[in-house]
Amino acid sequence: MITMVSTAEQSKTHGALASLLEANTDKLLTCVHCGLCLPACPTYRQLGNENDSPRGRVYLMRGVVEGRLDIRDAFISHIDLCLGCRACEPVCPSGVPYGHLLEAARFEVSKAKSARGQKSESVLRFVLNKVFTRPGLLGIAFMLARGFRDSGLARLMFKARLVRGRLRFALALLLSSRSAMSKVRPPHDTQPSTRTMERVAILRGCVMEGLFRKTNRATERVLVRNGCELLKAEGQMCCGALHAHAGQLEAAKLLARKNIEAFLESGAGRIIVNAAGCGAAMKEYAALLADDPLFADRAREFSSRVRDVSEFLVEQGISKPTKHVERRVAYDAPCHLIHAQRIAQAPIELLRQIPGLTLVPLRSYESCCGGAGIYNLQHPELSDAILRDKIASIKESDAEIVATANPGCIMQIGAGILMNGLNVKVVHPIELLDAAYED
Ligand code: SF4
Ligand code: SF4
């Protein structure tokens with residue numbers, strides 16, 4: 001139920017809370033209400049409520065800008081329920097930049113929640129602004145998480161059902177971040193390529209380096225194998241994607257500036273990212289800092305150098321792997337790779353290079369898995385309903401391995417597989433390519 005506000009309230013709300021949305025009025029006006037985005041939207045498909053569709057949410061944002069609608073419970077809840085998957089963008093004939101509008105709306109929502117003193121918002125702000133912006137503190141937090149995950153205690157607690165409900169799911173998420181590749185094939189030493197060196201720097205990432213170190217090391221080996229010289233980008237930080245999606249735009253900008261300085265100073269011609277969400281955010285630094293007189297030009301330069309690792313390898317031509325990986329593999333496309341970065345074929349092309357690997361089709365491989373950052377913890381019921389569809393399609397595929405290129409998707413799908421007792425591994429495509437290179 002949407003509450004329209006009185007004229008007296010309008011100016012107060014409008015002036016105090018809707019400044020960023022108002023600055024995006026031109027983008028809001030591009031929506032022609034055709035409804036072509038509705039079938040692509042997972043929350044609309046699940047809930048059948050127009051307010052939980054892209055068209056509905058754009059209409060609500062316009063309501064706020066035009067002073068017809070307050071930023072209260074209904075607006076907040078429909079904006080909160082959006083996954084940020086951006087499946088609505090490629091299907092929109094008007095090119096509505098939904099991702100940017102959502103970040104603006106989330107900025108307003110975050111301010112409104114803080115003004116009300118909402119506890120969950122304060123905790124989220126604290127974690128994002130005081131932990132994720134401090135690499136030392138973040139490193140300690142991930143070290144503790146890894147220690148718990150790898151000690152055997154986490155698996156024991158899961159198997160013995162010592163925790164239930166959402167805590168059990170959170171445990172499954174953590175367990176799913178442990179690389180499954182050792183069960184496919186052990187890692188090998190890198191044989192450098194004889195090709196001309198491309199100078200690249202890799203985003204280590206906070207979650208990737210914290211929980212997916214083996215994937216990062218596999219990425220490094222594959223790049224060296226493909227003729228790259230790896231440069232260090234000292235001082236690099238979290239990419240800020242989580243901050244931008246949660247409406248913490250100032251923190252996202254601060255992190256973006258630090259990354260721009262670190263990577264441009266490294267001298268790398270290409271900035272390689274193996275996490276779809278981080279790559280999408282970094283390709284959008286140019287838009288994020290467009291109004292920053294000191295950083296706008298450098299942000300454009302930076303964004304033009306960012307490549308997803310599969311995109312980069314396919315652009316360069318992949319060194320032929322020779323080892324067989326005799327597995328049935330289904331590819332699941334991360335939303336921020338296929339919708340936000342519009343990279344559909346490169347990861348599939350990469351998997352096709354691997355001798356012995358059989359690619360099996362996955363129904364709705366382009367649909368969100370329901371992970372969406374911390375959405376699975378904030379909106380467990382809807383996230384579970386979306387995940388159920390994904391698990392059903394994995395069962396139908398008869399795959400032994402699901403390959404997907406984003407830590408959040410690996411953990412969400414992996415947790416769904418664990419909770420359902422399936423014998424399927426979830427791995428990053430780059431780990432499969434790494435396994436296919438010579439010892
Ligand atoms: S497809 Fe684009 S123009 Fe059409 S309703 Fe959706 S957002 Fe609006
Ligand atoms: S981002 Fe995803 S969940 Fe949100 S409106 Fe677009 S399609 Fe729907």
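This one's a predicted model, so the numbers in the text were calculated from it and none came from an experiment. (Residues numbered from 1 in each chain as written. Chains lettered and ligands numbered in written order. Predicted model: local features only at pLDDT ≥ 70, side-chain atom pairs only at ≥ 80, totals over all residues. Heavy atoms only, no water.)

K.L.:
Before we move on, can you summarise the site of ligand 1 with the specific residues and values?
P.N.:
Surveying the vicinity of ligand 1 reveals the residues Cys31, Val32, His33, Cys34, Gly35, Cys37, Arg55, Cys92, Pro93, Ser94 and Val96. Here ligand 1 is seated within the largest cavity. Split into classes, the residues belonging to the shell around ligand 1 amount to 7 nonpolar, 3 polar and 1 charged. (Near = heavy atom within 4 Å. 1 Å grid on protein atoms, 1.4 Å probe; cavity = no way out; pocket = protein on both sides within 12 Å on 5 of 7 lines; lining within 4 Å. Sits in = over half its atoms within 2 Å of the grid points. Nonpolar A, V, L, I, M, F, W, Y, C, P; charged D, E, K, R; others polar.)

K.L.:
Help me get a handle on the nonpolar core, residues and values and all.
P.N.:
Membership of the largest hydrophobic core comes to 64 residues, with the highest contact counts inside it found for Cys239, Phe263, Met282, Tyr285, Phe302 and Ile394. In this view, phenylalanine 263 contacts Ala201, Ile202, Leu203, Ala233, Gln236, Ala268, Ile271, Met282 and Phe302; residues no more than four positions away in its chain are not counted. By size, the runner-up hydrophobic cluster in this structure holds 37 residues, among which are Val200, Cys228, Ile348 and Ile401. (Core = buried A, V, L, I, M, F, W, Y, C linked by side-chain atoms within 4.5 Å. Buried < 20%, exposed > 50% of the residue type's maximum accessible area, 1.4 Å probe, protein only. Contact = heavy atoms within 4.5 Å.)

K.L.:
Requested: an account of the sheet that holds strand E5 (residues 328-331), with residues and values cited.
P.N.:
Think of a sheet as strands paired side by side through backbone hydrogen bonds, with each pair either parallel or antiparallel. Ordered by their spatial adjacency, 4 strands build an open sheet running E6-E5-E7-E8, and the pairing between neighbours is parallel. For this open sheet the edge positions go to strand E6 (358-360) and strand E8 (425-427), each flanked by a neighbour on one side alone. With direction set aside, neighbouring strand axes in the sheet form an average angle of 35 degrees. One ladder, built from 3 bridges, connects E5 with E6; its direction is parallel. Looking across to E6, one finds that alanine 330 is bridged to valine 360. (Pairing = 2+ DSSP bridges. Helix = DSSP H or I, 4+ residues; strand = E, 2+ residues; numbered from the N terminus. Axes fitted to C-alpha atoms, helices over the stretch in contact; angles between N-to-C directions.)

K.L.:
A description of empty space enclosed by the protein should follow, citing residues and the corresponding values.
P.N.:
This model, assessed by the stated rule, comprises 4 cavities of 30 Å³ or more. Of the volumes computed, that of the largest cavity is approximately 150 Å³. At 3 residues, the largest contribution of residues to the lining of the largest cavity is made by helix H5 (residues 54-65). Its residues assigned to classes, the lining of the largest cavity comprises 12 nonpolar, 3 polar and 2 charged. As a volume, the second largest cavity reaches approximately 80 Å³. Lining the second largest cavity are 13 residues; nearest its centre among them are Cys41, Arg57, Cys82, Cys85 and Cys88. The class makeup of the residues in the lining of the second largest cavity is 9 nonpolar, 2 polar and 2 charged. (Points joined across faces, edges and corners; volume = space filled by probe spheres on them.)

K.L.:
Would you mind going over the domain arrangement of the protein in detail, with residue names and values included?
P.N.:
Taken as a whole, the protein is organised into domain 1 (7-117), domain 2 (121-169), domain 3 (198-314) and domain 4 (320-435). The centre of domain 1, based on its C-alpha atoms, is set 28 Å off from the matching centre of domain 3. In this complex, domain 1 contributes 7 residues to the contact, which on the side of domain 3 involves 8 residues. Both sides together, the interface formed by domain 1 and domain 3 hides about 680 Å², and carbon and sulfur atoms give 49% of it. Joining domain 1 to domain 3, the criterion identifies 1 salt bridge. Among the salt bridges present, the one from arginine 86 reaches glutamate 284, with a minimum N-O distance of 2.8 Å. (Domains from an automatic or database assignment. Buried area = accessible area lost by both parts, 1.4 Å probe. Salt bridge = Lys/Arg side-chain N within 4 Å of Asp/Glu carboxyl O.)

K.L.:
Residue-level account of the pattern of salt bridges, with values.
P.N.:
For the structure on display, the rule yields 30 salt bridges. Arginine 221 is paired through a salt bridge with aspartate 434; the nearest N and O atoms lie 2.8 Å apart. Here arginine 221 is found in helix H13 (residues 213-225), whereas its partner aspartate 434 is found in helix H25 (residues 429-435), with 213 residues between them in sequence. A single burial state applies to arginine 221 and to aspartate 434, both of which are buried. Between lysine 390 and aspartate 332 there is a salt bridge, with its nearest N and O atoms 2.6 Å apart. Linking lysine 390 in helix H23 (residues 380-397) with aspartate 332 in the loop between E5 and helix H20 (335-338), this pair joins segments that are 58 residues apart in sequence. Each member of the pair lysine 390 and aspartate 332 is classed as buried. One network of salt bridges, with partners in common, ties together Asp80, Lys113, Glu121 and Arg125.

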